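Listed below, chain by chain, are the residues.
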Amino acid sequence: MKKYFLQPKVWTTLYIVTLILNYSLILFSVLFYRGGSSLIEPVLLLSQGILTIINCIVSRNLIQFAILSANLLVSTIVANIVATQLYFQNISADDETLIFGWWALIIGCIYVVIISVLAIFLKKIISKYMN
């Protein structure tokens, strides 16, 4: 059996906090939708990268990382849809807003999938050389 640095109770708490932290993107989108895509999209992309690194560090195996990455993907989808709809309803009710919002959603999903796959490969390579 592998020895881990953290005790199981501490690790479980850290895992749950990380799981909840993945959904902070939705809160950010709700609070700052008035700034539009020029504010939301760069912050979301940067946050997704940081959260993927945190997910990779916290997860002990591939299944746990997949669960955290899936939650990050769901959070990305919901955050983009919520920000687009709030902006459309309250600020700019034109078709371009919806089109740009859907493209941002697609790009965000592709970005999360790509960085998650890269993190899996890096984690496998690092664990291969560490053992």
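Refer to the structure above for everything that follows.
Residues numbered from 1 in each chain as written. Predicted model: local features only at pLDDT ≥ 70, side-chain atom pairs only at ≥ 80, totals over all residues. Heavy atoms only, no water.

Student: It is not clear to me how a nonpolar patch on the surface should be interpreted in this structure. Could you clarify?
Tutor: A surface patch of nonpolar side chains, amounting to about 710 Å² of accessible area, comprises Ile99, Trp103, Ile106, Ile107, Ile110, Ile114 and Leu118. Along the chain, Ile114 falls in helix 5 (residues 95–130). The class of Ile114 is partly exposed, set by a relative accessible area of 47%. (Patch = residues over 30% accessible without salt bridge, like charges linked within 9 Å, V, L, I, M, F, W, Y side chains within 5 Å. Areas by Shrake-Rupley, 256 points an atom, 1.4 Å probe, with all protein chains shown as cover. Salt bridge = Lys/Arg side-chain N within 4 Å of Asp/Glu carboxyl O. Helix = DSSP H or I, 4+ residues; strand = E, 2+ residues; numbered from the N terminus. Buried < 20%, exposed > 50% of the residue type's maximum accessible area, 1.4 Å probe, protein only.)

Student: Teacher, can you tell me more about the nonpolar core here?
Tutor: A general feature of soluble globular proteins is that nonpolar side chains tend to end up buried together. The biggest cluster of nonpolar side chains holds 9 residues, and these are Leu25, Tyr33, Ile40, Leu44, Leu51, Leu72, Ala79, Ala83 and Val112. Counting residues per element, the ones that place at least two in this core are helix 3 (37–58) and helix 4 (62–90). When residues no more than four places from it in sequence are discounted, the contact partners of Leu25 are Leu44, Ser47, Gln48, Leu51, Leu72, Ser75, Thr76 and Ala79. (Core = buried A, V, L, I, M, F, W, Y, C linked by side-chain atoms within 4.5 Å. Contact = heavy atoms within 4.5 Å.)

Student: What should I look at first to understand the packing of helix 1 (residues 8–21) against helix 4 in this one?
Tutor: For any two helices packed against each other, one specifies the crossing angle of their axes together with the interaxial distance. Viewed as axis vectors pointing N to C, helix 1 and helix 4 meet at an angle of 25 degrees, and their least axial separation amounts to 10 Å. The angle between the axes of helix 1 and helix 4 places the two elements in the roughly parallel class. Residues Trp11, Tyr15, Thr18 and Leu19 of helix 1 form the contact with helix 4, whose participating residues are Gln64, Ile67, Leu68 and Asn71. Across the contact of helix 1 with helix 4, the residue classes break down as 5 nonpolar, 3 polar and no charged. (Axes fitted to C-alpha atoms, helices over the stretch in contact; angles between N-to-C directions. Parallel < 35°, antiparallel > 145°, perpendicular 65-115°, else oblique. Nonpolar A, V, L, I, M, F, W, Y, C, P; charged D, E, K, R; others polar.)

Student: Can you help me understand the packing of helix 2 (residues 24–31) against helix 4 in this one?
Tutor: Packing of helix 2 against helix 4 leaves a shortest axis separation of 8 Å and a crossing angle of 10 degrees. It follows that helix 2 is roughly parallel to helix 4 by the angle criterion. Facing Leu25, Ile26, Ser29 and Val30 of helix 2, the residues of helix 4 in contact are Leu72, Ser75, Thr76, Val78, Ala79, Val82, Ala83 and Leu86.

Student: Help me understand the environment of Val113 in this model?
Tutor: In this structure, Val113 sits in helix 5. Considering only alpha carbons, one finds Val113 and Ser69, 44 residues apart in sequence, at a separation of 8.1 Å.

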